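The lines below spell out each chain.
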Amino acid sequence: MSSNAIVVVSWGEGRDGLPAGAVEVLTLGRKVAAAAGADLAWLVIGPASDKLAETAGQYGVASLERIEDAKLESFAPDTLVAAVSQYCESNNPKALLFNQIEETRQIAPRVAGRIGGGVVTNVIDIDASGDLKVTATAFGGDTNVVYELSGASTFAIAVNSTALVAEPAEAPTNPAAESVSVDLSSVEERFAVTQRPQAEGPRLEDADIIVSGGRGLGTPENYKLIQELAAALGGLPGASRPIVDEGWIDSSHQVGLTGKITRPALYLAAGISGASQHMAGCSAAKVLVAINKDEAASIFRYARYGIVGDCLEILPELIKAAKS
Amino acid sequence: MRIVVCAKEVLDPDAVNNYALAGRLEIGDDGKTITQSAIPQLINGFDEQGIEAALKLRDAGADFTLTVVSIGSDQKSLLKHSAAMGADEIVALRTEATDLDASAVANILTAYIQSSGGADLVLCGRQASDDDQGVVPALIAEALGMALVPIARDLELKSDTLSVTRVTADGDEVVEGAFPAVVTVSNELGDPRFPTAKGKMAARKKKPTVVNVDELGLAAEALAPKVKLTRQFVPEIQGNCEFLTGSPADVAQKLIENLRAESVIQ
Ligand SMILES: Cc1cc2nc3c(=O)[nH]c(=O)nc-3n(C[C@H](O)[C@H](O)[C@H](O)COP(=O)(O)OP(=O)(O)OC[C@H]3O[C@@H](n4cnc5c(N)ncnc54)[C@H](O)[C@@H]3O)c2cc1C
Ligand SMILES: Nc1ncnc2c1ncn2[C@@H]1O[C@H](COP(=O)(O)O)[C@@H](O)[C@H]1O
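### Quick notes on the site of ligand 1
Right, on to step 1. Ser240(A), Val255(A), Ser273(A), His278(A) and Asn292(A) are the nearest of the 28 residues found near ligand 1.
Right, on to step 2. At ligand 1, the nearby residues belong to more than one chain, namely chains A and B.
Right, on to step 3. Between ligand 1 and Ser273(A) there is a distance of 2.7 Å, counted from an oxygen atom to a side-chain nitrogen or oxygen.
Right, on to step 4. Here ligand 1, which alone exposes 990 Å², has 85% of that area covered by the protein.
Right, on to step 5. Elements represented by at least two residues in the shell around ligand 1 include exactly α6 (241-245) and α7 (276-279) of chain A together with α1 (13-21) of chain B.

### Structural notes on helix α5 (residues 223-232) of chain A
An α-helical turn contains 3.6 residues, so any two residues separated by three or four positions project in the same direction.
Residues and elements named next belong to chain A.
Right, on to step 1. Along α5, the positions that sit buried rather than exposed are Tyr 223, Leu 225, Ile 226, Leu 229 and Ala 230. Angular distribution of buried residues about the axis of α5 spans 150°; they occupy a single face of the element.
Right, on to step 2. Against β11 (209-213), β12 (236-239), α6, β13 (266-270) and α8 (311-323) lie the buried residues of α5.
Right, on to step 3. Looking one or two residues beyond α5, the residue adopting positive phi is Gly 234, at roughly 75°.

### Concerning the pairing of strand β14 (residues 287-292) of chain A
Residues and elements named next belong to chain A.
Right, on to step 1. Counting buried residues along β14, 6 of its 6 residues qualify, which places the element largely inside the surrounding structure.
Right, on to step 2. Alternating residues of β14 divide into Val 287, Val 289 and Ile 291 and Leu 288, Ala 290 and Asn 292, and every residue in both groups is buried.
Right, on to step 3. Bridge count between β13 and β14: 5 bridges; the pairing is parallel. Opposite Ala 269, over in β14, you have Ala 290 as the bridge partner.
Right, on to step 4. Pairing of β14 with strand β15 (residues 305-308) involves 4 bridges; the strand directions are parallel. Of the residues in β15, the one forming a bridge with Ile 291 is Ile 307.

What counts and how
Residue numbers restart at each chain and count upward from 1, following the sequence in its written direction. Each chain gets a letter, beginning with A, and each ligand a number, beginning with 1, in the order they are written. With pLDDT at 70 or above as the cut-off, local features in this predicted model cover only qualifying residues; side-chain atom pairs require 80 or more to be listed or tallied, and sums for whole chains, interfaces and linings still use all residues. Side-chain calculation: all heavy atoms of the structure are included, whereas hydrogens and water are not. Here a residue is considered near a molecule or strand provided that any single heavy atom belonging to it is located within 4 Å of it. Polar contact is defined as a pair of N or O atoms within 3.5 Å, subject to the rule that within protein one atom must be able to donate a hydrogen and the other to accept it, and that residues adjacent in sequence are counted only when both atoms are side-chain atoms. Where accessible areas are quoted, they stem from the Shrake-Rupley method and a 1.4 Å probe; at the residue level, only the protein chains shown are allowed to cover. Working definition: helices are DSSP H or I runs of at least four residues, strands are E runs of at least two. Numbering for both runs from the N terminus. Relative accessibility under 20% of the residue-type maximum defines a buried residue, over 50% an exposed one, and the middle range a partly exposed one, all with a 1.4 Å probe and only protein chains included. Taking the helix axis as origin, the arc is that swept by the directions to the C-beta atoms. Pairs of residues are marked as contacts when any of their non-hydrogen atoms sit within 4.5 Å. In short, DSSP must find at least two bridges between two strands for them to pair.

If you want it as C-alpha cells, here you go:
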C-alpha cells in the first residue's frame, strides 16, 4: 500500500457478516480518498466472512488488507492497538477511518497516542480538498464543530456511521486480499475479562422498531406501557437517560450520546423532550413519532408524526390499535 | 497508593441545551465560541463521578491519597468543590492557551502526573460534555504506558489488582488487571455525593497547588495543536412534523394506519 492512503479500519462480524457500519464508512472513505487524490484501503482485523472481497470491490477499495492472528479471534484491545500501530508505522497512512462503536473509543485514540498522530471522534463529515477538515458534533449535537487536521502524519478519525448512507462505487474494483504481517508475539492483554456480558436477546442497535419512554411517563410503573407497545409492534423498548439513572430500567435500554446509537425504521418517543444528547441516539431513524404534552417540545422538530397529549392516555390506545 | 482524578471545567450542558431548545444558542464573532455569559461553568459531570468512584473505594476501606487536577485559567470553584467532596490535594495546571487539543491536554496531564510522584490509578470522565470527544484518557494511558479501562460503572480493589465493571453494548463486563491503570467513569456509576458541611469547612482551608504549564518542561511540539477548532455552528434541524389530532383513540388509530400504509410496521 502506498503511503498517505485513506484506510478504513474494521473488525468484528455484524448481523450481515460484515463489520458493523463498514459499508457506510467505506462510502465516506471513497469520497475522502478521491478528494485527497489518495488510495482507499480497507484494513480488516481478525476473522471475517467470505463476503469481504466482494464488498471491497463494490465499494471501490483499491487494496484489501487483512491482519489475522490467533490473539485477535475476539476483541482484544491491547493486541488490536499494537496491530494497527504496527500497520501505521510501516504504511504511514494519511487517515484511519473507524466506525464509531463503543470499542472504537478505546482503539482509535490509543493508536493515535502510540504513533504520535491526532484523533477526532463523533465525526459526521470530512473535507479532504486541502488539509483534512472534519465536522463533528459537540455538546451532544447542540453544536457542530469543524476541526482542521495538520501537523501529524496520521489522523485517527471515528465516524458516526448512523449519519451516513452506504452507496456502492460507480466503478467497482477488483482488490486482491493482502495479508499484512505484524508481530504480536510479545503483546499481552493487561486486563483480562473475568465475566463476559450476558447479552439478553436482541440489541437496540439492530432493532427495526424501538418504542422509548422518558421522564414524561411520570412513574416507573408506567414504563410497562412502553414495553407493551414495543411488544405489540414487534420492537424493543428504549429509554432516555434520566429514567435509567433513576433505575426504572437498566442501562442497556438507554438511547443517546452515551447510550445506544440506533438506526431503526421506526422510533416512537413518549414523554421525551428531545435533548440533543438523546437525539444523538435516534435521529437517524427513518420515521420518528413523538408523543409529548408540550406542543413546543424540541422532539417535534425531528418528528415525522407528532401527537400533542398525555402519553398515559395515548399509549394504551396505541397498544389496542397495534394489536387489532 | 495515589489516585489522580482529571477534571475539566465545562459550560453547563443543561443550560446549553435550554438555549439550543429555545433556538437562542449564539456563537460569537470569532465563529467558534458560545458567547452566552449566563451559562455557568461547572465540573464535567463524568469527572465529578470520577471523584465519586474514588470516594467509594475509600468507603470500601482502600487507603490512598486523592488528587484532583484540572487544566485551565481559573479552576478555583471546581477545585474547591473537589476538596469539599473529599480530595486530599487539589491542583490547578495554569495556562492561558485556548487552542490546546486533546493530545496537548493529555501531554500536560501526563507531565504533571510524572513530575508529582506518579499515580497508581488515574480516573477520568468517559468524555467531556462540551467537546464529547472521550479521547484524553486514552492518550494519557498511552503516554504513561498504562492500561486503559473505559466506561466503568463500578470499581473494586482486590489485594493487588483492580476489578472493573464496564458498560458495553452487550451488557456489563467485568475485567481485572494490575495497577497502574487509567479508568474512565460513566454515569451508570450513580450520582456523586453532595459535600457535607464538614467537607465544605475543610475545603475552605485547603489551598490549591498551582503549577504553571510552562514549568512542566514540555517541548513546544507537545503543546502544538494537531486538531484545531476553526468553526462552531448551531446545526439546523429540518422539521416536517405532521401533527395528528383528535381523541386518544382517534390519534392512535390514525398513527397505526399511517405507519401500516407506509409499511413501517405490519
Ligand atoms: C454529557 C451528557 C450525556 C447525556 N447522554 C444522554 C443519553 O445518552 N441519552 C439521553 O436520553 N440523555 C442523555 N443526557 C441527558 C439529556 O441532556 C436530557 O437531560 C435527557 O435526555 C432528558 O430526558 P427526558 O426527555 O426523558 O426528560 P425531560 O427533559 O424531563 O423531558 C420530559 C418530557 O416529557 C414531557 N411530558 C411530561 N409529562 C408528560 C405526559 N404525561 N405525556 C406526554 N409528555 C409528557 C415533557 O413535556 C417533557 O418534554 C446526557 C446529558 C449530558 C450532559
Ligand atoms: N482541561 C482538562 N483538565 C483536566 N482533565 C481533563 C481536561 N480535559 C479533559 N480532561 C479529562 O479527560 C476526560 C475526557 O475528555 P475529552 O477527551 O475532552 O472528552 C475528561 O472527562 C477529563 O477527565
